[in-house]
Each structure stands twice: as structure tokens, then as C-alpha cells.
Amino acid sequence: MKRSLQGKLILSYLAIALITVLVVSALIRLTSGQSLMNLVMEQQTARLNEAVQTYYIENGTLEGFFEAYIQQIPPEKPAPDEPTGGPDKGPGMGDLRGVHGLVDAEYRALMPTFNYEIGQTVPAEAIRQKIAVEVAGQTIAWILPDTSFQFKLNAEEQLFLQRTNLAIGLAALAGILAAVAMGFFLSSRLLLPIRRLKQASQALARGQLQQQVPVTSQDELGQLTATFNQMSADLAQADQQRKRLTADITHDLSTPLQIISGYVEMLEDGEVTLTPQRIEIIKTEIEHLRRLVGDMTTLTQVEAGALEMILKPVRPAALLERIYQIYQPIVERLGVQLALELPAASPPIRVDEGRMIQVLKNLVDNALRFTAAGGRITLAVAAGTQVQLRVQDTGAGIEAEDLPYVFDRFYRADKARSGNSGKLGLGLAICKALVSAQGGHIAAESAGKNQGTTMVITFDPAGDLDGAADR
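Analysis parameters
- Residues numbered from 1 in each chain as written.
- Predicted model: local features only at pLDDT ≥ 70, side-chain atom pairs only at ≥ 80, totals over all residues.
- Heavy atoms only, no water.
- Pairing = 2+ DSSP bridges.
- Helix = DSSP H or I, 4+ residues; strand = E, 2+ residues; numbered from the N terminus.
- Axes fitted to C-alpha atoms, helices over the stretch in contact; angles between N-to-C directions.
- Contact = heavy atoms within 4.5 Å.
- Buried < 20%, exposed > 50% of the residue type's maximum accessible area, 1.4 Å probe, protein only.
- Phe/Tyr/Trp six-rings, centres within 6.5 Å; stacked < 30°, edge-to-face > 60°.
- Lys NZ or Arg CZ within 6 Å of the ring centre and 35° of its normal.

Colleague: Which parts of the structure should I look at to understand the sheet that holds strand E10 (residues 453-459)?
Modeller: Two strands in a sheet stick together by hydrogen bonds in their backbones, pointing the same way (parallel) or opposite ways (antiparallel). Reading across the sheet, the five strands line up as E5-E7-E8-E10-E9 and stay open at both edges, with mixed pairing between neighbours. Of all strands in the sheet, those bounded by a partner on one side alone are strand E5 (337-341) and strand E9 (441-445). Between one strand axis and the next, the sheet turns by 15° as a mean value, whatever way the strands run. Against the sheet, helix H6 (residues 316-334) makes contact with E5, strand E7 (376-383) and strand E8 (387-393), and its axis sits at roughly 165° relative to E5, the strand it touches most.

Colleague: I would appreciate a short explanation of unusual backbone geometry in the present structure.
Modeller: Glycine aside, residues mostly have negative phi, and peptide bonds are mostly found in the trans state. We note that asparagine 115 has phi near 65°; this positive angle belongs to a residue other than glycine. Here asparagine 115 shows up in the loop between strand E1 (99-104) and strand E2 (131-135). Residue classification places asparagine 115 among the exposed residues on the basis of a relative accessible area of 82%.

Colleague: What am I meant to see in the pairing of E2 here?
Modeller: Remark: a regular strand shows side chains that alternate across the two faces of the sheet. Relative to strand E3 (residues 138-145), E2 runs antiparallel, the two sharing five bridges. Within E3, the position partnered with valine 135 by the bridge is glutamine 138.

Colleague: What's the story with the sheet that holds E1 in this structure? I'm lost.
Modeller: Spatially, three strands are ordered E1-E3-E2 in an open sheet, and the strand pairing comes out antiparallel. Two strands in the sheet have a free side with no partner beyond their single neighbour: E1 and E2. Each neighbouring strand pair of the sheet contributes to a mean axis angle of 25°, computed without reference to strand direction.

Colleague: Sorry if this is basic, but what is going on with the packing of aromatic side chains here?
Modeller: Geometry of an aromatic ring pair is reported as the spacing of the ring centres plus the angle between the planes. The tally for this structure, following the rule as stated, stands at two aromatic pairs. With centroids separated by 5.5 Å and ring planes inclined at 75°, the aromatic side chains of tyrosine 55 and phenylalanine 65 adopt a geometry described as edge-to-face. Separated by ten residues along the polypeptide, tyrosine 55 in helix H1 (residues 5-59) and phenylalanine 65 in helix H2 (residues 65-72) bring together distant segments of the chain. Residue tyrosine 55 shares its accessibility class with phenylalanine 65, and that shared class is buried. With a centroid separation of 5.4 Å and 20° between ring planes, the pair formed by phenylalanine 65 and tyrosine 69 is classed as stacked. Placement of the pair is phenylalanine 65 and tyrosine 69 together in helix H2, with a separation of four residues, close to one helical turn. Note on accessibility: phenylalanine 65 and tyrosine 69 belong to one class, buried. Each member of the aromatic cluster is reached from another via a ring pair, and the members are Tyr55, Phe65 and Tyr69. Against the face of tryptophan 142 rests lysine 130, its NZ or CZ located 4.2 Å from the ring centre.

So this is what it looks like as C-alpha cells:
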């Protein structure tokens, strides 16, 4: 039989309460009777001490003390287990509970003590514990307390003990009931967020990805709820990206395929002839498909860790100088200015030179697509505790809401312009994957639309290269 979590919690609270109540009750029951007997002994010895002092002060001697003292003791009432209606017991030795006897300073019995009659000397070895009775700093007698507690409690004391035990039982019962009530209350409050998480996770399993559960505490359950909410939001975003990815791939694959298949059908029907211009169009579309497959293959290999990397110290300025030489003729034809800003010296970085050239080419290509004629692209190196390679343009810029997603695969911040770019949104995703695989970090910075964009690649320095600093 399966028990619910609430039932298990209630049983746990109940078990703890039962164990606590039983232990406390047993200790109180074991010690309450002993404590009461201690109290009786202390009261009797104190009363006897006072009576001896008073008698000695009044008479100057302790002769005849026992006869006088026994007359002052009130009659003993019958115990609860004795038949009721009988006469009260008269004075007797039963009233001297908690006291073994009384001896004077020379250990002569002043009252029956250890089977010694009044006036007989009690051996010192028979006296283990004694309480001195003093008058004016002089010890006149010794009280011998009953530390073995062999006496019985009287009716009032037994009634008090019974009432104490009854109160302990009622307190135990109240504690158990309170434990059950608190178990229901605490388990309900504890299980409420768990039930919410259960319902949300079941909805998530059914495909309803956008699930958010209220965070009602800052403890482990609150942290678990916040983590679930983040996971649900990430899953919803990933699902949207998957749908957008499918639509983008379909669009970018279908367009060149439609063009190629259209020309092939027209050639088969004899509607057109195969001219160099038409061959060039077909080759362009095939190249587009080849580039798309190549980009996706590269990205998959990097993310799977299957792409071979040859890391070695490389001068960052040498990388940017090479990119500058490659793109200088291109930017001149496009009417864009390309600038190179290098510090006097900077440490090398440990990277795969070929892959870094690929990354920088992607970044410059991206900058050229969004920088109009008359604009400027700047290649720069900044050195400090870390080394930064910067590709800055004065082009279209990126809105603040798009900045966190520009490195996501197939993400297009400007849907209208990217449709005419002839490139699928994989370039920046490949750049991020390649930079991360080499131990670096890449980020995009932009003040907003038409404010330009700066791509910043950051690496830790690799130390001096062949003992020479980079220029």
C-alpha cells in the first residue's frame, strides 16, 4: 500500500512526538516519586531539628524529648488503599517518616534508633549519614535521615502523586494531538508548492512548455521552483527556436532548389537553352546549398568536439593584418573604409590560426553586409589583463532586445534585410562555437539601431612569443 508524502510526514511528526512524550513522561514518573520522598525527608528532618533546638533551649537538656515530641505529631490518616471510615491512627513511629533516629552528641539514642532503645549508645559505624543540630554554635544532637527511602507516602502525598501522573498523561495526550494537527498544517504548507510543481511538470510532459509556478519561499523548495520556471522558459524558447530553425532551413533550401528545378524543367521542355549566364545562376544556387551544408557540418563538429584544433601562440596583430590585406581591395570597391588600429605591443594568444582567420572573415563579412558605402570598419587589438580582438563597424547596429540572441543559430535581428543577404543565420553561431572551443569569449556591443556594432573576442594571453613582444 502506497502512502502519500503528506501521510509520511504526519507519521514522522507523530513518531517524534510519541518518542518525546514517552521519554519525558517516563523520566518524570521515575523522578517525581523520588523527588516527593526527598521533600518529605527534608521536611521531617527540618521539623525535628527545630523541635530539638526548641526543647533544648527551654529545658537545658534533651531528657524526655521523645515523649514530648511524639505528642506534638498529628494523627496519621489512613492511606488510600486502606478501608475508609476507620478511625485515624494515633501518634506513633509511623509519623516519623524520613528519619532513622536521633542521638545526642555522645551517640546516645534520644528516640528509638536502629533497634536501639532510648538511652543506649549507637555505634559510630552504624551511623553513615547524620545532620548536626546546633545551639549557639554547639552540636547538641545528630539527626539520622532515612536516605534509603524505605518509608511510605501518606494519603495526601499519594493523592498529589496520582494527580501529577494524571497531568503527565493529559499533557502527553495533548502533545500527541498537537503533533498530529501540526503535521496536517505543516505538511499542507510544505506540499502545496510540490503539488504545484507536480501539476506544472505533468503539463510540461503533455507539451505545454510555458509553465510558471509561483515562488513562495527562499528555501530549497523556492530554489527548486525558480529552477523549474527557468527550465520551462528555456524549453519554450528552445521550442520556438526549433520552429524558427525549421522554417529558416525550409526557406533557404527551397529557394535555390526551386530555381534549379525550374531551369531543369524548362530545359527538359525545350523552353530555354543552356547559356553561360544560366549556368552561372545554377552554380550560384548550388554553391549556396553547399555553403549551407558546410556551415551546418562545421557547427555540428565544433559542438560535438570532433573538430581538430591545433592551438599555438599567435600574434593577434598578425591575424588582423592578414584580414586587412584580404579585404582591402573588397572594401575599396564597396566604398567602405577599412582601418587597422594596433597597440605598440601586446602578448600573443594561444589559438588555431586557421580557425581564427575563419572567425574574423565571418565577422568582417557580416560587418560589410550591414555597413553602407561611406561607412567605416575598424580592426583593433586591445591588451591588458586579457587580449581583445575587435571588429567595429558604423553600420545598421543591433537593438538592445536582440543583442542576447545574435549568436544563436538562424537568429536574424533584421528579418527584412537578411532575406536579401544570401546567407543563412549561421555565421555568428559558428564564430561563437569556434572561439569557445579555443578557450575564448565573444560578445556583441551596440548602442542601438544605426549606431554601429562592435564584435569583441577575448582571450587570456599566452605569454611572450619567442621572447619578442607583438608590435
